[in-house]
Amino acid sequence: MSNLLEFLAMGGHGVYVWSAYGITATVMVLLFLPPVLGKRQLMQAEARRRRREES
């Protein structure tokens, strides 16, 4: 357990390193979600349009 705590502390720089990883992960998620959600909305709109055209 001591080795894990030492690893996480990273010689006193752990706060900076782990916060940088956290910020990077957050930004990556925020960049990934809008296109995925937009595609889902586009597919739903297209399905509605096709159902209207078939009627």
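All figures in this text were calculated on a predicted structure; none of them were measured in a lab.

(A) Spatial organisation of the environment of phenylalanine 7. Of note, phenylalanine 7 is situated in helix H1 (residues 2-9). Expressed as a C-alpha distance, the spacing of phenylalanine 7 and leucine 31, which sit 24 residues apart in the sequence, is 29 Å.

(B) Region of the structure containing the pattern of salt bridges. Evaluation of the coordinates by the stated rule reveals three salt bridges. Of the charged contacts in the structure, one is a salt bridge between glutamate 46 and arginine 49, with a shortest N-O distance of 2.3 Å. Placement of both glutamate 46 and arginine 49 in helix H2 (residues 14-54) is noted, with a separation of three residues, approximately one turn of the helix. We classify glutamate 46 as partly exposed; its relative accessible area is 27%. The shortest N-O distance in the salt bridge between arginine 49 and glutamate 53 comes to 2.4 Å. Highlighted residues: arginine 49 and glutamate 53, both in helix H2, separated by four residues, approximately one helical turn. On the accessibility criterion, arginine 49 (31% relative accessible area) is partly exposed.

(C) Local environment of the packing of aromatic side chains. Under the criterion given, the structure shown has two aromatic pairs. Ring centres of phenylalanine 7 and tryptophan 18 lie 6.0 Å apart, and the angle between their planes is 70°; on these two criteria the pair is classed as edge-to-face. Here phenylalanine 7, found in helix H1, pairs with tryptophan 18, found in helix H2; they are 11 residues apart in sequence, far enough to count as distant. Relative to tyrosine 21, the ring of tryptophan 18 lies with its centre 5.4 Å away and its plane at 40°, an arrangement referred to as tilted. Here the residue tryptophan 18 and the residue tyrosine 21 both occupy positions in helix H2, the gap between them amounting to three residues, near one helical turn. Given a relative accessible area of 53%, tyrosine 21 falls into the exposed group.

Analysis parameters
Residue numbering note: each chain is counted from 1, following its sequence as written. At least 70 in pLDDT is required for a residue's local features to be given in this predicted model, at least 80 for side-chain atom pairs to be given and counted, and no such filter applies to totals for whole chains, interfaces and linings, which use all residues. No hydrogens and no water enter the side-chain calculation; it runs on all heavy atoms of the structure. Labels follow the DSSP assignment, with helices taken as runs of H or I lasting at least four residues and strands as runs of E lasting at least two, numbered in each case from the N terminus. Here, a salt bridge means any Lys or Arg side-chain nitrogen found within 4 Å of an Asp or Glu carboxyl oxygen. Relative accessible area decides the class of each residue, using a 1.4 Å probe on protein chains only: under 20% of the type maximum gives buried, over 50% gives exposed, and in between gives partly exposed. Centres within 6.5 Å make a pair out of two Phe, Tyr or Trp rings, where for Trp the six-membered ring is used; the pair is then stacked when the planes are under 30 degrees apart, edge-to-face when over 60, and tilted otherwise.

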